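Understanding the architecture of this molecule
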Amino acid sequence: MWQELMKVMQEINKEYGLLQSIEQKKHALLISVNLPQLEPLIKDEGAHAAKIAELEARRKAVLTKLAGLEKNLRPDMKMTELFSVAPNPRIRNLLKELHKELDERVEAVVRQNEINSVLVHGALNAVNVKLNKLSGASVEPTYGQGGKDIVSHRRNFEFRA
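Residues numbered from 1 in each chain as written. Predicted model: local features only at pLDDT ≥ 70, side-chain atom pairs only at ≥ 80, totals over all residues. Heavy atoms only, no water.

**Notes on a nonpolar patch on the surface**
- On the surface, Val 127, Leu 131 and Leu 134 cluster together into a nonpolar patch covering about 290 Å² of accessible area.
- Tracing the backbone through its elements, the reader meets Leu 134 in helix α4 (residues 89-135). (Patch = residues over 30% accessible without salt bridge, like charges linked within 9 Å, V, L, I, M, F, W, Y side chains within 5 Å. Areas by Shrake-Rupley, 256 points an atom, 1.4 Å probe, with all protein chains shown as cover. Salt bridge = Lys/Arg side-chain N within 4 Å of Asp/Glu carboxyl O. Helix = DSSP H or I, 4+ residues; strand = E, 2+ residues; numbered from the N terminus.)

Have a look at this one:
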């Protein structure tokens, strides 16, 4: 069972490594505003996220089985608590290494995702500004009903000509 737990953790780690690589590629594409190449990358990202969810379910199932075999183990234990229950020092050290590497990868993916999110919001704001300029939209200096901005649009065409 312990071997199966380590195998699942290695697979999760591998998937997060692939996800980290995708996030870095996505970053470069967002900076260069290369939307055609971004779409397939987003699909890959979704597939890896689904695979990680599946592996997490497997990890929990393995922990539940282990909890049935070991008295000191609970299925809701944190990984750091699990180290002390490992049957031998070799497994304990391998679990610690896997956990440390996984923590680092997850943190890197989250950090890169936050950076990419800022880029996406900036790009959307730039597109909105450009569209508003093209359509002649402007925000009035007063507030409308419920405290919302009043947006007016000028007509770019004269239909009475």
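**What about the pattern of salt bridges?**
- Applying the stated rule across the entire model yields 7 salt bridges.
- One salt bridge connects Lys 51 with Glu 54, and the closest N-O pair in it is separated by 3.9 Å. Within this pair, Lys 51 and its partner Glu 54 are both found in helix α2 (residues 35-69), separated by 3 residues, close to a single helical turn.
- Of the residues examined, Lys 51 reaches a relative accessible area of 29% and is grouped as partly exposed.
- Owing to a relative accessible area of 44%, Glu 54 belongs among the partly exposed residues under this scheme.
- In this structure, Glu 101 and Arg 105 form a salt bridge, with 3.8 Å as the shortest nitrogen-oxygen distance. Remark: Arg 105 and Glu 101 occur in helix α4; sequence separation between them is 4 residues, near one turn of the helix.
- We classify Arg 105 as partly exposed; its relative accessible area is 25%.
- Residues joined by salt bridges that share partners form a network here, namely Glu 23, Lys 26 and Glu 45. (Buried < 20%, exposed > 50% of the residue type's maximum accessible area, 1.4 Å probe, protein only.)

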